[in-house]
Amino acid sequence: NVLVPAQISYSRGADGIVTSPAIHRINQLKGKLVAATQFTESDFFIRYLATQADIGVNMLTDPGARLADDKINMVYCSDGEAVAKLLTSDAQSATPALAGGVTWAPFTTDAVKDSGGKLVLLTTNKNLLIIADILIVNKGFADAHPEMVTGLVDGLLTGNQAVTQNPEQFADLLAKAFSVKEDHWDRSKALAELKKVHLSNLPENLAFFQGGIADGGSFASIYQSAVLAYGPTLLPNPPDSDRFLSLAGLKAAQASGAYAAQTASLVPLKSGASNPIEKDPLLSRDIRFYYEPNSDEVDPANSGNVANLESIKKMLDVSPGSTILLRGHVDPSNMEEFRKNGGEKLVQTMALKAMDLSKRRAADIKNLLVTREKIDPARLETVGAGWGEPASKTNPDLNRRVEVQWFTLE
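Attention in this report is confined to the structure presented alongside it. Owing to the predicted nature of the structure, the values given are computational and were not obtained by experimental measurement.

What about the overall build of the protein chain?
Assigned secondary structure in the protein chain consists of 13 helices and 13 strands. A total of 410 residues make up the protein chain; the buried ones form 46% of that total. Counting contacts in the protein chain only where the partners sit at least 6 residues apart, residues at least 24 apart contribute 79% of the total.

Rendered as structure tokens:
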């Protein structure tokens, strides 16, 4: 019984994951204990990344409970500051129980600073357009007073435009609005915090709700990501995202002509072109494309292959400027047979052929992403791993795969 008539802003870097220095990617949090604040943006942030890495989340009511080996184990604090304090105190103990925590600025930087080098910032949502601030109104109120909702949307767009064009003019007002007894803001802090959001204009609002942002998130995709991240236990029988849309206010603003000069100005971070192979990916996932043995071409009409290509595109869409490394793999099941029939020389010969096949498989996926999904080829790199990194000793199908490594920017 609520409606969403407008987007306010994108958060950009406010939420972050703090871990021990031994953790280099989300996948390494599997089987570990992580602290967060439940049902906040930061909770969704870690859940979203866990989903992308094909890892489940295990919610613990008792920090001393047995950890699930195949999931990220979550323990919850009352707020973001409590997460930071728990992280720093745990990091100083002889046997830390936590692998990391999820909170928001300034507590992310506080935790790293206060840990004495025992904690690092793994990643933030600076270049992940999955956390958007939206205006939500009561449906009964909206139905009874549509003109008031239109006025709210118009006021929001006008205010966003004014602050974006002249943030210095509003620094004192922002500082006063966000100051509390425990945390006093001055002009400099207000301006610094303002840089962590992108205030949305009318074209960006229309694109957000109508799925027109090619290099960013959208209401429908973020909503669906949340449904998947929280799962049926927490969100049983969720309605479709369209149920909540109410775009009359935005369309009235468009018809008024008051914002005709605005253009979409959501500027993505761009890659510095450093080779992803030389860096740690934020996460990796094994995607099972359907190959026949010894084949380097997938069936582009196969529904599973289509879904896999679309999932890779979505990873790039929500993180403008991010890159993907496609690692091709080959099943090594016949290696012992080669050794038996031809010795090590045949094994070496077939290993070289396997390496070439794995490279061609990765190149095939890149070609499909470029031609079918219209991905910029500069955002895709390929490498062949041959048969040296099998995912299974008993199931050949699991080894004929392309691993996707996702490199985001900070």
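Read on for the rest.
Some points on the side chain of Thr-108
Position of Thr-108 relative to the elements: it lies in helix α3 (residues 107–114). Of the residues examined, Thr-108 reaches a relative accessible area of 6% and is grouped as buried. What Thr-108 contacts, discounting residues up to four positions off in sequence, is Gly-16, Val-18, Thr-103 and Leu-121.

As for the nonpolar core
Membership of the largest hydrophobic core comes to 72 residues, with the highest contact counts inside it found for Ile-26 and Leu-49. Counting 14 residues, the second largest nonpolar core, distinct from the first, contains Ala-35, Ala-84, Leu-87 and Ala-111.

Thoughts on the side chain of Glu-403
Following the sequence through the fold, Glu-403 ends up in strand β13 (residues 402–407). Side-chain polar atoms of Glu-403 contact the side chain of Ser-284, separated by 3.5 Å.

Focus on the packing of aromatic side chains
Going through the model one piece at a time under the given rule, you end up with nine aromatic pairs. Aromatic pair Phe-178 and Trp-185: ring centres 5.2 Å apart, planes at 20°, arrangement stacked. With relative accessibility at 49%, the residue Phe-178 sits in the partly exposed group. Between the aromatic rings of Phe-208 and Phe-219, the centroid separation amounts to 6.2 Å while the plane-to-plane angle is 70°, which identifies the pairing as edge-to-face. Taken together, the positions of Phe-208 in helix α8 (residues 202–210) and Phe-219 in helix α9 (residues 219–234) put the pair 11 residues apart, joining distant regions of the chain. Here Phe-208 matches Phe-219 in class, with each residue buried. Of the aromatic side chains, those joined through ring pairs into one cluster are Tyr-10, Phe-208, Phe-209, Phe-219, Tyr-223 and Phe-244.

Observations regarding the pattern of salt bridges
The tally for this structure, following the rule as stated, stands at 10 salt bridges. For the salt bridge of Asp-143 with Lys-139, the shortest nitrogen-to-oxygen distance reads 3.0 Å. Of the two residues, Asp-143 and Lys-139 are both situated in helix α4 (residues 139–144); the distance of four residues between them amounts to about one turn of the helix. What makes Lys-139 partly exposed here is its relative accessible area of 33%. Taking the shortest distance from any N to any O, the salt bridge between Arg-187 and Glu-168 comes out at 2.7 Å. Taken together, the residues span a long stretch of sequence, with Arg-187 in helix α7 (residues 187–194) and Glu-168 in helix α6 (residues 167–178) at a distance of 19 residues. A single network of salt bridges, built from pairs that share partners, joins Glu-168, Asp-172 and Arg-187.

As for the sheet that holds strand β11 (residues 323–328)
Strand-to-strand pairing in sheets goes through backbone hydrogen bonds, with the strands running parallel or antiparallel. Taken together, four strands build an open sheet; the order of strands is β10-β13-β11-β12 and the sheet is mixed. The outermost strands of the open sheet, each flanked by one partner alone, are β10 (283–287) and β12 (380–384). Averaged over all neighbouring strand pairs, the angle between strand axes comes to 20°, with direction disregarded. The strands touched by helix α11 (residues 303–317) are β10, β11, β12 and β13; relative to β10, the strand with the most contacts, the crossing angle is about 170°.

Cut-offs used in this document
Residues numbered from 1 in each chain as written. Predicted model: local features only at pLDDT ≥ 70, side-chain atom pairs only at ≥ 80, totals over all residues. Heavy atoms only, no water. Helix = DSSP H or I, 4+ residues; strand = E, 2+ residues; numbered from the N terminus. Buried < 20%, exposed > 50% of the residue type's maximum accessible area, 1.4 Å probe, protein only. Contact = heavy atoms within 4.5 Å. Core = buried A, V, L, I, M, F, W, Y, C linked by side-chain atoms within 4.5 Å. Polar contact = N/O pair within 3.5 Å; in protein donor to acceptor, adjacent residues only side chain to side chain. Phe/Tyr/Trp six-rings, centres within 6.5 Å; stacked < 30°, edge-to-face > 60°. Salt bridge = Lys/Arg side-chain N within 4 Å of Asp/Glu carboxyl O. Pairing = 2+ DSSP bridges. Axes fitted to C-alpha atoms, helices over the stretch in contact; angles between N-to-C directions.

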